[in-house]
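Analysis of the macromolecular model
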Amino acid sequence: MDPDVEAFATELDRVVDRLRTMPMTKLPSAAILTRPVLDELARMAGQRTPVPVIADRALGSQCAVLGRELLDSGQPCRAGSALLRELRLALP
Amino acid sequence: MPDPIVALAPGVYRIGTRGNFINSFAFAEPDGSITLVDCGLKKAPSAIVRGLARIGKHPHDVGRIVLTHAHDDHLGGAAEMITAAGLKGAAMHAADAAFVRAGTLPPRDRSTTSGRIFARLPDRHYAQFAVAEVLTDGQLIDVAGGLRVIHTPGHTPGHISLLHESTGVLITGDSIFNIGSRLTWALSAFCTSYEQSKSTAALFGDLDFEIAAFTHGPEIRNKARERIRTFLTRRGARP
């Protein structure tokens, strides 16, 4: 596997895990940081429509879907890895 | 649905345009007019109008719109609000006004991996609007007793923070986020200069304020100045 793709997939898994296991009380705060990142992942994958705002408890699943779409788009994902890493470190 | 408008001080309100994820602010004048700070994303005007209605105001009451910086989550709804208010345009710092006049967005920080790659992506689009007033560092805008402009570049070149001196409300803009009980910087990928954004936020440590309000996140009402100063010191932005 391409090392950039592998790094992105690893970082995506880490962020998704964090979001899916996060206490409900922390999710609204996490959403403040996560939603703009989801917008960027969608933009990198070539989506032109805004990412819909859904319930905070679905942030992890939404991140997983958008990350997978970026991987499937074949677009370079090194920036995505860096962004997800920074997000993970900033999450509450 | 949470109340879209929260009173911060007499005549000063926070309007959550996506919960408290993206905030606008309203300053009520004694004559009944409103100064609006930031306009959120493209679809934010409906939340702003709903918030204004809760304090008995209509978009026609908005006499001035101030934008903290030229990112689409702050100016996406500007064109619609300017039209609804019947204004000629918005007020913002000259450095970011240049991007709005060109119909572009400020560059990303090329010292970061993500910033370099994002720079190659096409800009997000937003509805065009006029800049009717250019703001400068230190300027006291004639708003509800005076709103001080503090140029805090880095997040964007023309990023400003605002201090309402009479009520002690500081609007940090995107210099600092409040994610729940924790203060943090904006992610570097969304800054023009991440390092500069952190260093100019240090200015907050020298200001007098009672309430810290954020464009992203809920306000801090208790020991706000102390908490901001502690954050800046711990993150190495001030000694």
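Residues numbered from 1 in each chain as written. Chains lettered and ligands numbered in written order. Predicted model: local features only at pLDDT ≥ 70, side-chain atom pairs only at ≥ 80, totals over all residues. Heavy atoms only, no water.

Let us now look at the overall build of chain B. In terms of regular secondary structure, chain B is built from seven helices and 14 strands. Relative to the globule expectation of 18 Å for 239 residues, the C-alpha radius of gyration of chain B, 16 Å, shows essentially globular dimensions. With the C-alpha coordinates of chain B rotated into their principal frame, the extents come out at 45 × 40 × 35 Å. For chain B, with 239 residues in total, the buried portion stands at 59%. Partitioning the intrachain contacts of chain B with sequence separation of at least 6 by distance along the chain shows that 61% fall at a separation of at least 24. Across chain B, the centroid of the 26 positively charged side chains sits 7 Å from that of the 22 negatively charged ones. (Helix = DSSP H or I, 4+ residues; strand = E, 2+ residues; numbered from the N terminus. Rg over C-alpha atoms; globule rule 2.2 N^0.38 Å. Buried < 20%, exposed > 50% of the residue type's maximum accessible area, 1.4 Å probe, protein only. Contact = heavy atoms within 4.5 Å. Lys, Arg positive; Asp, Glu negative; His and termini not counted. Charge placed at Lys NZ, Arg CZ, Asp CG, Glu CD.)

Our focus in this paragraph is the side chain of Asp38(B). All names here are of chain B. Among the structural elements, Asp38 can be located in the loop between β4 (34–37) and α1 (45–54). Buried within the structure, Asp38 lacks any salt-bridge partner; Arg14 is the closest side chain of opposite charge, at an N-O distance of 12 Å. Look past the residues within four positions of Asp38 in its chain and what remains in contact with it is Asn23, Ser24, Ile48, Val66, Leu67, Thr68, His69, His74 and Thr215. (Salt bridge = Lys/Arg side-chain N within 4 Å of Asp/Glu carboxyl O.)

So, about unusual backbone geometry. The phi torsion of most residues other than glycine is negative, and most of the peptide bonds are trans. Residue and element names in this part refer to chain B. For Asp38, which is not glycine, the phi dihedral falls at a positive 70 degrees. The class for Asp38 is buried, based on a relative accessible area of 0%. Residues other than glycine seldom take positive phi values, yet Ala144 does so here, at roughly 40 degrees. Position of Ala144 among the secondary structure elements: in the loop between β8 (140–141) and β9 (147–151).

This brings us to the sheet that holds strand β10 (residues 160–164) of chain B. All names here are of chain B. Reading across the sheet, the five strands line up as β8-β9-β10-β11-β14 and stay open at both edges, with mixed pairing between neighbours. Only two strands of the sheet have a single neighbouring strand rather than two, namely β8 and β14 (211–213). Of the strand pairs in this sheet, strand β11 (residues 169–171) and β14 are connected by three bridges, and their pairing is parallel. Paired with Val169 across the strands is Ile211, a residue of β14. (Pairing = 2+ DSSP bridges.)

Moving on, we come to the confidence of the model for chain A. On average, residues of chain A carry a pLDDT of 89, and 100% of them reach 70 or more. The least confident element of chain A, judged by mean pLDDT, is helix α2 (residues 27–44) of chain A at 88; the most confident is helix α1 (residues 3–21) of chain A at 94. (pLDDT = per-residue confidence, 0-100.)

This brings us to the interface of chain B and chain A. On the side of chain A, 23 residues touch chain B, which itself brings 27 residues to the contact. A buried area of about 2,100 Å², summed over both sides, lies between chain B and chain A, and 66% of it is on carbon and sulfur atoms. On the chain B side of the interface with chain A, the three residues burying the most area are Phe21(B), Ile179(B) and Leu187(B), jointly 27% of the side's total. Linking chain B with chain A are one salt bridge. Where Arg108(B) meets Glu40(A), a salt bridge forms, and the shortest distance between an N and an O atom there is 2.7 Å. Where chain B touches chain A, the interface holds four residue pairs in polar contact (both at pLDDT 80 or more). Considering every element that reaches the side of chain B that touches chain A, the biggest residue donor is helix α5 (residues 113–118) of chain B, with four residues. Within the side of chain B that touches chain A, the residues separate by chemical class into 13 nonpolar, nine polar and five charged. (Buried area = accessible area lost by both parts, 1.4 Å probe. Polar contact = N/O pair within 3.5 Å; in protein donor to acceptor, adjacent residues only side chain to side chain. Nonpolar A, V, L, I, M, F, W, Y, C, P; charged D, E, K, R; others polar.)

Here we come to α2(A). Residue and element names in this part refer to chain A. Its 18 residues place the ends of α2 24 Å apart at the C-alpha level, agreeing with the 26 Å of an ideal helix rising 1.5 Å per residue. Along α2, the sharpest kink reaches roughly 40 degrees, centred on Leu33 and followed within four residues by the proline Pro36. The element α2 is largely enclosed, with a buried count of 17 among its 18 residues. Just past α2, the residue Gly46 takes up positive phi, approximately 95 degrees. (Expected span 1.5 Å × (residues − 1). Bend = angle between axes of the 7 residues up to and from the residue.)

This part covers the side chain of Thr184(B). Structurally, the position occupied by Thr184(B) is in strand β13 (residues 182–184). Other than its neighbours up to four places away in sequence, Thr184(B) contacts Leu33(A), Ile176(B), Phe177(B), Ile179(B), Phe231(B) and Arg235(B).

Let's shift gears to the packing of aromatic side chains. Under the defined criterion, the tally for this structure stands at two aromatic pairs over all chains. A centroid spacing of 6.5 Å and a plane angle of 50 degrees characterise the contact between Tyr126(B) and Phe129(B), whose relative ring orientation is tilted. (Phe/Tyr/Trp six-rings, centres within 6.5 Å; stacked < 30°, edge-to-face > 60°.)

The next point concerns the nonpolar core. Formed by 62 residues in total, the largest nonpolar core has its most connected members in Leu84(A), Ile176(B), Ile228(B) and Leu232(B). Listed by contribution, the elements that provide at least two residues to this core are α1, α2, α3 (59–73) and α4 (78–90) of chain A together with α5, β12 (177–179), α6 (194–201) and α7 (224–234) of chain B. Of all the elements, α2(A) adds the most residues to this core, at ten residues. For Ile228(B), the residues in contact, after removing those within four places along its chain, are Ile176(B), Leu183(B), Phe204(B), Phe209(B), Ala212(B) and Phe214(B). (Core = buried A, V, L, I, M, F, W, Y, C linked by side-chain atoms within 4.5 Å.)

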